[in-house]
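The chain contents come next:
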Amino acid sequence: GRWTGASSTRSSRASTRSGLSRSQTPPSRRTAESFCRLTTNRAQELTTIATMLTWSVPLPDTACCPFHASLNEVQKTVARLRNSKCIPGYMPTCTAQCQNCGILCGWPDGVDPGDLRPCEFCRRLAVRKLQRRKL
């Protein structure tokens, strides 16, 4: 199947009203990695823009600016991906996460897992090695 946001939201609300237990997390609050924090909206926006800066896209005469022309291409790309088949086993790969902005990243070999590292995205000393929990 494919994911559709509207039906997921409706079923999430219906599940909550039908007595979803507190131990069950509604889909809107779960993360792909159950032991990760949510990535902030600002971090998602800025990393999307960073990706857009790596694309060469058409600049139609109707576009108000290159930024919005790029966003149009992002929308087309998301639409194509939304209509594609699910990817079995899709999961972000990460060994660390910034506790400030929520960006997922790697943890360098040889660094004490109890240390904090600087985030390459928000620059805060807030990256922790993730401890995978068994479900």
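Basis of the calculations
Residues numbered from 1 in each chain as written. Predicted model: local features only at pLDDT ≥ 70, side-chain atom pairs only at ≥ 80, totals over all residues. Heavy atoms only, no water. Helix = DSSP H or I, 4+ residues; strand = E, 2+ residues; numbered from the N terminus. Buried < 20%, exposed > 50% of the residue type's maximum accessible area, 1.4 Å probe, protein only. Contact = heavy atoms within 4.5 Å. Areas by Shrake-Rupley, 256 points an atom, 1.4 Å probe, with all protein chains shown as cover. Polar contact = N/O pair within 3.5 Å; in protein donor to acceptor, adjacent residues only side chain to side chain. pLDDT = per-residue confidence, 0-100. Pairing = 2+ DSSP bridges. 1 Å grid on protein atoms, 1.4 Å probe; cavity = no way out; pocket = protein on both sides within 12 Å on 5 of 7 lines; lining within 4 Å. Points joined across faces, edges and corners; volume = space filled by probe spheres on them. Nonpolar A, V, L, I, M, F, W, Y, C, P; charged D, E, K, R; others polar. Salt bridge = Lys/Arg side-chain N within 4 Å of Asp/Glu carboxyl O. Core = buried A, V, L, I, M, F, W, Y, C linked by side-chain atoms within 4.5 Å.

This next bit is on the overall build of the chain. Scanning the chain from terminus to terminus reveals 3 helices and 4 strands. Each helix and strand of the chain, ordered N terminal to C terminal, gives the series α-α-α-β-β-β-β. The burial tally for the chain puts 19% of its 135 residues in the buried class. Here the contacts in the chain between residues at least 6 apart in sequence split such that 45% fall between residues at least 24 apart. Total accessible area on the chain is roughly 10500 Å²; 53% of this is exposed by carbon and sulfur atoms.

Another aspect to go through is the side chain of Q97. Within the fold, Q97 resides in strand β1 (residues 96–98). For Q97, the side chain forms a polar contact with the main-chain oxygen of R37, separated by 2.8 Å. Leaving out residues up to four positions away in the same chain, Q97 has contacts with C36, R37, G102, I103, L104, C105, A126, V127, R128 and L130.

Glancing now at the confidence of the model for the chain. Of all residues in the chain, 71% attain a pLDDT of 70 or more, and the chain-wide mean is 80. The element-level mean pLDDT for the chain is lowest in helix α1 (residues 5–17), coming to 36, with helix α3 (residues 66–82) highest at 97.

Pairing geometry for β1 and strand β4 (residues 125–129), over 3 bridges, is antiparallel. Within β4, the position partnered with C98 by the bridge is V127. One ladder, built from 2 bridges, connects strand β3 (residues 117–118) with β4; its direction is antiparallel. Counterpart to P118 in the pairing with β4 is L125. Joining the antiparallel neighbours β3 and β4 is a turn of 6 residues, in which R123 adopts a positive phi near 70°.

Looking now at the layout of surface pockets. Approximately 170 Å³ is the volume attributed to the second largest pocket. I103, C105, G106, W107, P108, R117, P118, C119, E120, F121 and V127 together form the lining of the second largest pocket. When grouped by side-chain class, the residues that make up the lining of the second largest pocket number 8 nonpolar, 1 polar and 2 charged.

Moving on, we come to the pattern of salt bridges. The full count for this structure, using the stated rule, is 2 salt bridges. With a closest N to O distance of 3.2 Å, E73 and K76 form a salt bridge. Residue E73 and its partner K76 are located together in helix α3, separated by 3 residues, close to a single helical turn. The class of E73 is buried, set by a relative accessible area of 15%.

Once that is clear, we can look at the nonpolar core. Core analysis: the largest hydrophobic core is formed by 10 residues, namely A43, A96, C98, C101, I103, W107, V111, C119, A126 and V127. Of all elements in the fold, only β1 and β4 reach the threshold of two or more residues within this core. Not counting the four nearest positions on each side in its chain, C101 is found in contact with L38, T39, T40, A43, C119, F121 and C122.

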